[in-house]
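# Observations on chain architecture
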Amino acid sequence: MGKLDGRVVLITGAARGQGEQEARLFAAEGARVVVADVLDDQGEDVAKDIGGGGAGGALYVHLDVSAEDDWTAAVATAKEAFGKIDGLVNNAGILRFNELTATPLEEFRQLMDVNQVGAFLGIRAVAPEIAAAGGGTIVNTASFTGVTGMAYVGAYAATKHAIIGLTKVAALELAGKGIRVNAVCPGAIDTAMSNPARLDPGSDTEEAAEALDGLYRRLVPLGRVGRPQEVARLALFLTSEEDSAYITGQPFVIDGGWLAGVSVI
Ligand code: NAD
């Protein structure tokens, strides 16, 4: 028996990285999964791969999370295919590095549009469906930069702080409808976002992972970068009705201990 038997979960940004691992894990735990992204070829491949092997099933939908109409269409497609939606993982996100005083307004707004407005539109479009299905879960993807500052990611950190605020308000407003809303706050995770070598199809992925581990050996108490599969396990915990039944409105840091305190070695 899977932890998500009978559930239908829409996951944004699921064509690669953490979202892909969430889609694969959720399907393996019995959910039918809506793989949503703007990377259509990669997203189709992930959905096809899951559809063939998982206990649940999967469908790809093109969804730019910053586009209101895309949300309306994605929800309609998902309901037509699976009859309902009772779970959402707002995972899609983008990162830009820039000194705050050098950040162009356009860049700041682009991050807000995808990371922050995207999560808002997702909650607004999907929460009524979850309520109609009798309740369920929303997991928002913030970041450890949602609970502390980090130099050169000002726009990104602002959106991730906002996601935690949104999570708390949504938890308060939606609890009465049987919807729990929580946030994951990953530290450095080995995906294309933190490790651009992953975007190069010719690169040795093991070598890329080792190089990244080397970088984080001193920074992170657990001595390595995180894996997208580990974030997926936390998202599964927060999506499972049994495992996290009494948890809502909370941010969960998953960072190998990076934020635990000041390291002296
Ligand atoms: P990633 O870049 O591999 O994946 C991000 C996914 O989001 C991609 O598939 C991308 O196509 C999709 N996406 C981007 N813009 C979109 C849009 N407008 N509409 C729909 N999809 C869109 O990186 P990842 O690490 O898997 O990132 C997943 C989430 O985790 C993001 O929200 C990111 O901010 C967050 N996060 C990542 C790290 C890290 O170190 N990798 C740390 C903290 C938080």
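Since we're looking at a predicted model, the values are computed, not measured.

Turning next to the sheet that holds strand β6 (residues 179-186). Reading across from one edge, β3-β2-β1-β4-β5-β6-β7 is the order of the seven strands in this open sheet, with parallel pairing throughout. At either margin of the open sheet sits one strand with a lone partner, and together these are β3 (57-62) and β7 (251-254). Strand-to-strand, the axes of this sheet are offset by a mean angle of 20°, without reference to chain direction. Where β6 meets β7, four bridges bridge the pair, whose relative direction is parallel. If you follow Cys-185 over to β7, its bridge partner there is Val-253. With respect to the sheet, helix α3 (residues 68-82) is in contact with β1 (8-12), β2 (32-37), β3 and β4 (87-90), its orientation differing from that of β3 by roughly 155°.

The next subject is the site of the ligand. Taken together, 28 residues are adjacent to the ligand, and Asp-37, Asn-91, Tyr-156, Thr-191 and Ser-194 come closest. Measuring from an oxygen atom of the ligand, one finds a side-chain N or O atom of Lys-160 at 3.0 Å. When the ligand sits alone it has 830 Å² of accessible area, and the protein chains cover 94% of it. Every element with two or more residues in the shell around the ligand is listed here: α1 (17-28) and α5 (154-174). A class-by-class count of the residues in the shell around the ligand yields 14 nonpolar, 10 polar and four charged.

Let us now look at unusual backbone geometry. Of note in this structure, Tyr-152 is not a glycine but carries a positive phi near 75°. Tracing the chain through its elements places Tyr-152 in the loop between β5 (136-141) and α5.

Calculation criteria
- Residues numbered from 1 in each chain as written.
- Predicted model: local features only at pLDDT ≥ 70, side-chain atom pairs only at ≥ 80, totals over all residues.
- Heavy atoms only, no water.
- Pairing = 2+ DSSP bridges.
- Helix = DSSP H or I, 4+ residues; strand = E, 2+ residues; numbered from the N terminus.
- Axes fitted to C-alpha atoms, helices over the stretch in contact; angles between N-to-C directions.
- Contact = heavy atoms within 4.5 Å.
- Near = heavy atom within 4 Å.
- Polar contact = N/O pair within 3.5 Å; in protein donor to acceptor, adjacent residues only side chain to side chain.
- Areas by Shrake-Rupley, 256 points an atom, 1.4 Å probe, with all protein chains shown as cover.
- Nonpolar A, V, L, I, M, F, W, Y, C, P; charged D, E, K, R; others polar.

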